[in-house]
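Descriptive analysis of the structure
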Amino acid sequence: VQKNAEEYEQVSQSCAKSTALAVMEEFGLGNIKTITALSSFPGIALTGETCGAVSGGLVALNSYFGSADFLDYKANARCYAQSRKFLFHFTEKLGTTKCREIHEKIVFGQYHDVAEPEKGYPGFLQDKGFEKCALAPGISARIAAEIILEDMDKKVQRESLKKGKSNAD
């Protein structure tokens, strides 16, 4: 999943889309409309705010933990809890969830405002931005996948316990 997210970043040039696609594809979640809806999420419309890899990871997680029932408050609670776990681990790995800070502190040593056509975007390309920025989608996809796999393992364990109880009866 991590490798796919990193590779998708090269193709899509969107940290949000590449993260979500890698996780959703791995677990059979969502559809292309979900990926399309992430179009403006890299750095929240390139403003340097929340990293698109965070947005994509959260969308993928919520596609797994969420519910189609608008009033399923338990599903909402699961989404909040798993999203907070995701954010904690992402911040633990990269120190922040902010695009600008990831650029400055981790990836480039400075912030490239890619929405700025004269210096920002050319500088981003010159510094191999899509290659280097693949780090965040890779980490994000890995964290989201680990959280989903942990939940799947718990479900298998619960089912196993239920079968064990019914066989004992």
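Here's a quick rundown of the structure. This one's a predicted model, so the numbers in the text were calculated from it and none came from an experiment.

The rules behind these values
Residues numbered from 1 in each chain as written. Predicted model: local features only at pLDDT ≥ 70, side-chain atom pairs only at ≥ 80, totals over all residues. Heavy atoms only, no water. Disulfide = S-S within 2.5 Å. Buried < 20%, exposed > 50% of the residue type's maximum accessible area, 1.4 Å probe, protein only. 1 Å grid on protein atoms, 1.4 Å probe; cavity = no way out; pocket = protein on both sides within 12 Å on 5 of 7 lines; lining within 4 Å. Points joined across faces, edges and corners; volume = space filled by probe spheres on them. Helix = DSSP H or I, 4+ residues; strand = E, 2+ residues; numbered from the N terminus. Nonpolar A, V, L, I, M, F, W, Y, C, P; charged D, E, K, R; others polar. Salt bridge = Lys/Arg side-chain N within 4 Å of Asp/Glu carboxyl O. Polar contact = N/O pair within 3.5 Å; in protein donor to acceptor, adjacent residues only side chain to side chain. Contact = heavy atoms within 4.5 Å.

Let us look at the state of the cysteines. Summed over all chains, the structure comprises zero disulfides. You can see Cys99 has no disulfide; the closest cysteine sulfur is in Cys51, sitting 5.9 Å from it. The exposure class of Cys99 is buried, given its relative accessible area of 14%.

Estimates place the volume of the largest pocket at around 360 Å³. Lining the largest pocket are 24 residues; nearest its centre among them are Cys15, Pro42, Leu46, Val114 and Phe124. Breaking the lining of the largest pocket down by element, the ones donating at least two residues are α4 (43-46), α7 (99-107) and α8 (120-126). Among the residues making up the lining of the largest pocket, the classes are represented as 14 nonpolar, nine polar and one charged.

What follows is about the pattern of salt bridges. What the rule picks out here adds up to six salt bridges. Here Asp151 makes a salt bridge to Lys155, at a shortest N to O gap of 3.4 Å. Here Lys155 and Asp151 lie together in helix α10 (residues 135-168), a separation of four residues that amounts to about one turn. Overall, the relative accessible area of 42% leaves Lys155 in the partly exposed class. When salt bridges with common partners are traced through the structure, they connect Lys85, Glu150 and Lys154 into a single cluster.

This paragraph deals with the side chain of Ser18. With respect to the secondary-structure elements, Ser18 resides in helix α2 (residues 15-27). You can call Ser18 buried: its relative accessible area is 1%. A distance of 3.4 Å separates polar atoms of two side chains, one belonging to Ser18 and the other to Glu9. Within the local environment of Ser18, its side chain forms a polar contact with the backbone oxygen of Cys15, the two atoms lying 3.2 Å apart. If near-sequence neighbours (up to four positions away) are discounted, Ser18 is found in contact with Ala5, Tyr8, Glu9, Ser12 and Pro137.

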